[in-house]
Amino acid sequence: MVLGEYLQLLNLAEGSVWLFNRARLDLERWAFYYGGQPQPTKRVALPPDNLLRRLEQEQGPITIAAVNEDPLTAGQLAPYGHTAAMSLLALPLLWRRQVQGVMIAVVSQAGHRFSSNDIELGQTIAGQLARWLENRQLLAEAEYRAAQLVTSAQISQASSSILDVSDLMETAVNLIRDQFQFYYVGLFLVEGEWAVLKAGTGEAGARQLGRQHRLNITSGTSMIGWSVQHARARIALDVGEEAVRFKNPDLPLTRSEMALPLVSREEVLGALTVQSVAARAFSDEDITLLQTMADQLANAIKNAHLFAQTQSALSEMERLYQLSQELLSAEDATRVYRLATHALAQSGVDWCVIVEREGAKGEREGREGNSEKGERKAGGEGGAKGEREGREGKGEKGEGGGVGLGADKLNADRFMQVAGWSVTGDLAYSEINPIWAKPLSLLLTHRGSSWVRDGGQPTPEDLFEVAGASLSQLGLGATAILPMESNQRRLGFIAVGYLDKPNVSWPTFGRERLRFYHTLAQQMVVALENLHLLQVSQKRARREEVIRQISSKIRGSTRVEDILQTTVNELSKLVGSSQGGITLAIPNQDMQSFS
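How each quantity is defined
Residues numbered from 1 in each chain as written. Predicted model: local features only at pLDDT ≥ 70, side-chain atom pairs only at ≥ 80, totals over all residues. Heavy atoms only, no water. Pairing = 2+ DSSP bridges. Helix = DSSP H or I, 4+ residues; strand = E, 2+ residues; numbered from the N terminus. Axes fitted to C-alpha atoms, helices over the stretch in contact; angles between N-to-C directions. Contact = heavy atoms within 4.5 Å. 1 Å grid on protein atoms, 1.4 Å probe; cavity = no way out; pocket = protein on both sides within 12 Å on 5 of 7 lines; lining within 4 Å. Points joined across faces, edges and corners; volume = space filled by probe spheres on them. Nonpolar A, V, L, I, M, F, W, Y, C, P; charged D, E, K, R; others polar. Buried < 20%, exposed > 50% of the residue type's maximum accessible area, 1.4 Å probe, protein only. Phe/Tyr/Trp six-rings, centres within 6.5 Å; stacked < 30°, edge-to-face > 60°. Lys NZ or Arg CZ within 6 Å of the ring centre and 35° of its normal. Parallel < 35°, antiparallel > 145°, perpendicular 65-115°, else oblique. Salt bridge = Lys/Arg side-chain N within 4 Å of Asp/Glu carboxyl O.

Topic: the sheet that holds strand β11 (residues 234-236)
1) Next: One open sheet holds the six strands; their spatial order is β10-β9-β8-β13-β12-β11, and the pairing between them is antiparallel. Looking at the sheet topology across the chains shown, the edges are occupied by β10 (214-216) and β11. When strand polarity is set aside, the average angle formed by the axes of neighbouring strands in this sheet is 25°.
2) Next: Against the sheet, helix α5 (residues 202-210) engages β8 (184-191) and β9 (194-200), with an angle of about 135° to β9.

Set out below in structure tokens:
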């Protein structure tokens, strides 16, 4: 309206008002008259013309008598839309001591001259228009900053009230997108050498989350990866000119992008991507505020992770305590294996097996001197030999001994799968697959306490070639094998893992998960040892009761013949024999038998 009234005062039909956006380096046409009628507004890229440079230098009105001949305007007015101009008056719009725009009055007839009154009037109108635009811009900036502060406060509130990490990330990206009117906002977290998308706005975000979108951190092909690797923001005001950027087919309209690292306690957790359909969409104030929000969000994510870990640790302790009580109260070994298998299956793996080394029971009995064939009290030297051979690692199957741990005895080791489970159903109790025999035998003598093959490096590495090849033949991927040990002797193993799936990265077990497996293995051994001790105690109690009964009956007899006859009868009942006898050698007399 101001431009139209000024043109009417000058009896002109063409002119325009342009504002200069320094953040986007473009011009926005706020008003345009042609043929005395207002025309639609538009935005154009900043033309590399001399007119604006001169206006910024002089900060005063400029008149051009011959547009097509003057070096300030010759061939440079096309972006403004004044293609038929013969002469013009350019009036700078000044505020904050800078040229923020220009008001142009155009004459399409040759020979026109702008008078000093025309110029003074134009300066007055341009000054009033500049003050109005400045006030309007200040109001817009105040509203924009208020919206930013509201968004920051909302993210702060969400950070303090939302403890679930997934909900927190989804809430944050949607708040930032909606309040700043961005095209897309996504949040990545670091997982090994990858930055994995965890939250994304709109349909594009849903599609990427559905296919588990991720970017390599060290490849140098994405702004997100660069930002994570260097712990610094990277900004592309024009993505077409950015060398380090992943061109996402789900976001074809992106013109400018910003990657902001999520840093908490000097640890880079991930990065935030903010994208706009406008070129040069981010001002210095935007960058500063968004990085502050990113830092705030990183701290919230870290705190949420710590809270989740604490809750998980408490839950694990409670579960282990409950499981320990159930294991210790189990009435037999089968119940122990069933409880342990259920706990392993609940840990999220695809399969698990519990393996006992044949002879492990004999080791326990030999070590305690209580083997059925090697008890010292009942069997004398057989028990001592079984105990000694079990302790020295020389005993074979039988006679109270166990299979030793020496390298020369590895081939004698045989393994029995006493329990197992997989996602396809329970595994039958049977001898373990022969493919397992060699890696398990190697683990018997290995200095380490367990073997892990997952998304990281295998540990210990020197077993990887043998054990890794064996597991691959079974179609298994990430695997952890942990020993069942008693007094530094390995009685068996717990093995858990995942199936090897095409195009799916192996997961990592993590320190907490492995600690749970170790504790479970120890509790199993304690439960099995307790069951064995209970059986030994019960057997001894039965034996003592029989001896007491026999002694009581013998004490009731007065003749030697009755004592011997009672002894034979009671021992025959005890062992279930139909015949028995006692032969005595009496000095200077014939042998006498009782049966």
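Continuing now.
Description of empty space enclosed by the protein
1) Next: Scanning the entire structure with this criterion turns up one cavity of 30 Å³ or more.
2) Next: As a volume, the largest cavity reaches approximately 130 Å³.
3) Next: As for the largest cavity, its lining consists of 15 residues, of which Leu 215, Phe 246, Asn 248, Glu 257 and Gln 275 are closest to the centre.
4) Next: Secondary-structure elements contributing two or more residues to the lining of the largest cavity are β8, α6 (223-230) and β13 (267-276).
5) Next: Among the residues forming the lining of the largest cavity, the class breakdown is seven nonpolar, six polar and two charged.

Points about α6
1) Next: Of all eight residues making up α6, six are buried, and the element is well covered by its neighbours.
2) Next: If you check which residues of α6 are buried, you get Met 223, Ile 224, Gly 225, Trp 226, Ser 227 and Val 228.
3) Next: Buried residues along α6 sit in contact with β8, β9, β10, β11, β12 (256-264) and β13.
4) Next: Immediately downstream of α6, the backbone of Ala 231 shows phi near 55°, a positive value.

Brief notes about the packing of aromatic side chains
1) Next: In total, this model carries four aromatic pairs according to the counting rule given.
2) Next: The lysine or arginine in question, Arg 29, covers the ring of Phe 32, its NZ or CZ lying 4.2 Å from the ring centre.
3) Next: One cation-aromatic arrangement involves Arg 214 over Trp 194; the distance from NZ or CZ to the ring centre is 3.7 Å.

Topic: the packing of helix α8 (residues 333-345) against helix α14 (residues 511-555)
1) Next: Contact geometry of α8 with α14 gives a least axis separation of 10 Å together with a crossing angle of 170°. Of the possible angle classes, the one that applies to α8 and α14 is roughly antiparallel. Residues Ala 333, Val 336, Tyr 337, Ala 340, Ala 343 and Leu 344 of α8 form the contact with α14, whose participating residues are Phe 516, Tyr 517, Leu 520, Met 524, Ala 527, Leu 528 and Leu 531.
2) Next: Looking at side-chain class alone, the contact of α8 with α14 contains 13 nonpolar, no polar and no charged residues.

What to know about the pairing of strand β20 (residues 489-499)
1) Next: When you tally the buried positions in β20, you get 10 out of 11 residues, the bulk of the element.
2) Next: For strand β14 (residues 351-357) and β20, the ladder comprises six bridges, and the chain directions are antiparallel. Bridged to Glu 356 within β20 is Gly 492.
3) Next: Pairing geometry for strand β19 (residues 476-486) and β20, over nine bridges, is antiparallel. Paired with Ser 486 across the two strands is Arg 489, which belongs to β20.

As for the environment of Leu 51
1) Next: Examined against the element boundaries, Leu 51 turns out to sit in helix α2 (residues 50-58).
2) Next: Put simply, Leu 51 and Val 102 are 51 residues apart on the chain and 10.0 Å apart in space, counted from C-alpha to C-alpha.
3) Next: If we skip the residues at most four places from it in the chain, Leu 51 touches Ile 62, Leu 72 and Ala 90.

A look at the pattern of salt bridges
1) Next: As enumerated under the stated definition, the model contains eight salt bridges in all.
2) Next: For Arg 211, the salt bridge identified is with Asp 250, shortest N-O distance 2.7 Å. Here the residue Arg 211 occupies a position in the loop between α5 and β10, and Asp 250 occupies one in the loop between β11 and β12, the gap between them amounting to 39 residues.
3) Next: Residue Lys 501 is joined to Asp 350 by a salt bridge in which the shortest nitrogen-to-oxygen separation is 3.6 Å. Pair noted here: Lys 501 is in the loop between β20 and α14 and Asp 350 is in the loop between α8 and β14, with a separation of 151 residues, a long-range link.
4) Next: Lys 501 sits in the partly exposed class, given a relative accessible area of 42%.
5) Next: One salt-bridge network, in which partners are shared between bridges, spans Arg 207, Arg 211 and Asp 250.

That's the geometry; what it means functionally is another story.
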